[in-house]
Amino acid sequence: STQNFVMSQEYEAIHTNMLHSPQMMMLHRYMAEVLKNNAIMPSLFIHELRINNELFYVNIIENPNQSSQWIVLYVSMSTLSNLKNNLNLILFLIMSFMLVAGILIIWFISSSMTHPLTQLSHFARSVGQGNRKKDHHDFHETELVQLQDAMNTMVMNLDEQEQANRLFFQNVSHELRTPLQVI
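What you see is a predicted model, and the numbers here were worked out from it, not measured in a lab.

Caption draft 1: Region of interest: the overall build of the protein chain. Helix and strand content of the protein chain: 3 helices and 5 strands. Overall, the protein chain shows an N-to-C arrangement of helices and strands of β-β-α-β-β-β-α-α. Relative to a compact globule of 183 residues, whose C-alpha radius of gyration would be 16 Å, the protein chain shows 45 Å and is clearly more extended. In the protein chain, buried positions account for 23% of the 183 residues. The contacts of the protein chain with a sequence gap of at least 6 include a subset with a gap of at least 24, amounting to 42%.

Written out as structure tokens, the structure is:
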């Protein structure tokens, strides 16, 4: 909140009432000294003063009731600075949480997409190694179900071709053996 005190044109803090604490009166005297050292006079500008590592915004206006006095309006920015620091910390924590949550969501989605593909890849390898069993995994994605059906159809066709080849070679070997037995 904005505080104020009255100051003479000689930069002397004037305390007409005893509502101010001794610490506040000392701050007013010190602030008046800083204003004097910087030759700050009444103006429309707001000035920044740093007193004991605390930032103040200060404005000086002429006292309409006493032409020989000025009114010094000031606000301590330390509470706002603390608020800013706390908000920055809260935002950092929220962003960190969102980053971790985003990474976990991405990991979950990617694993749910790659796991069925890994299963079909293992199935394709086993077919390549001679295993002619159908794949019976339960997929929910239409494209994966279609790919699984196509691979199962391929396995059935390979089985049929393998049986046809076996039958052909059995017949050929039988036909070749029969004439040889006659001789």
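Caption draft 2: Expanded view of the packing of aromatic side chains. Scanning the model with the defined rule gives 2 aromatic pairs in all. Both rings, one in phenylalanine 56 and one in tyrosine 74, keep their centres 5.9 Å apart while their planes meet at 70°; by these two values the pair is edge-to-face. With a gap of 18 residues between them, phenylalanine 56 in strand E4 (residues 54-62) and tyrosine 74 in strand E5 (residues 69-76) connect regions that are remote in the sequence. What makes phenylalanine 56 buried here is its relative accessible area of 2%. Using a relative accessible area of 3% as the deciding quantity, one classes tyrosine 74 as buried. Relative to phenylalanine 169, the ring of phenylalanine 168 has its centre 5.5 Å away and its plane inclined at 65°; by these criteria the two rings are edge-to-face. A relative accessible area of 53% means that phenylalanine 169 is categorised as exposed.

Caption draft 3: Structural context of the pattern of salt bridges. In the structure shown here, the tally under the stated rule is 1 salt bridge. Glutamate 162 is the salt-bridge partner of arginine 166, the closest N and O atoms lying 2.6 Å from each other. Here the residue arginine 166 and the residue glutamate 162 both occupy positions in helix H3 (residues 142-182), the gap between them amounting to 4 residues, near one helical turn. A relative accessible area of 48% places arginine 166 in the partly exposed class.

Caption draft 4: Summary view of the pairing of E5. Within E5, 6 of the 8 residues are buried, which leaves it mostly tucked inside the rest of the structure. Where E4 and E5 come together, 7 bridges link them in antiparallel fashion. Within the sheet, the bridge partner assigned to asparagine 59 lies in E5 and is leucine 73.

Caption draft 5: Summary view of the confidence of the model for the protein chain. Scored by pLDDT, the protein chain has a mean of 83; 92% of the residues are at 70 or more. The spread of mean pLDDT over the elements of the protein chain runs between strand E2 (residues 13-14), the lowest at 77, and helix H2 (residues 78-128), the highest at 91.

Caption draft 6: Fine view of the nonpolar core. Core analysis: the biggest nonpolar cluster contains 18 residues, and Met7, Met31, Leu35, Val58, Ile60 and Val72 have the highest contact counts within it. Secondary structure elements with two or more residues in this core: strand E1 (3-8), helix H1 (22-37), strand E3 (47-51), E4 and E5. Excluding its chain neighbours within four sequence positions, the residues that come into contact with methionine 7 are Glu12, Ala13, Ile14, Ala32, Leu35, Ile60, Gln69, Trp70 and Val72. Counting 7 residues, the second largest nonpolar core, distinct from the first, contains Phe123, Phe139, Met151 and Val155.

Caption draft 7: Region of interest: the pairing of E1. Two elements, E1 and E5, share 6 bridges in a ladder whose sense is antiparallel. Along E5, the bridge assignment pairs phenylalanine 5 with valine 72. Linking two consecutive strands that pair antiparallel, namely E1 and E2, is a turn of 4 residues; a positive phi of about 65° is found at tyrosine 11 within it.

Rules behind the numbers
The written sequence of each chain sets the order in which its residues are numbered from 1. Confidence filtering applies because this is a predicted model: local features only for residues at pLDDT of at least 70, side-chain atom pairs given and counted only at 80 or more, and all residues used for totals across whole chains, interfaces and linings. Only hydrogens and water are set aside; all other atoms, that is, all heavy atoms of the structure, feed into the side-chain values. Helix and strand labels come from DSSP, where a helix needs a run of H or I of at least four residues and a strand needs a run of E of at least two; each type is numbered from the N terminus. With C-alpha atoms as the basis for the radius of gyration, the globule rule is written as 2.2 Å multiplied by the number of residues raised to the power 0.38. Throughout this description, buried means an accessible area under 20% of the type-specific maximum (1.4 Å probe, protein chains only), exposed means over 50%, and partly exposed covers the range between. Any pair of residues with heavy atoms lying within 4.5 Å of one another is described as a contacting pair. Each aromatic pair joins two rings of Phe, Tyr and Trp (for Trp, the six-membered one) with centres within 6.5 Å, and gets the label stacked for planes under 30 degrees apart, edge-to-face for over 60, and tilted for any other angle. For this analysis, a salt bridge means a side-chain nitrogen from Lys or Arg found within 4 Å of a carboxyl oxygen belonging to Asp or Glu. Whether two strands pair comes down to DSSP finding at least two bridges between them. Confidence scores here are pLDDT values: one per residue, from the predictor, ranging 0 to 100. For our purposes a nonpolar core is just a set of buried Ala, Val, Leu, Ile, Met, Phe, Trp, Tyr and Cys residues, chained together by side-chain atoms within 4.5 Å.

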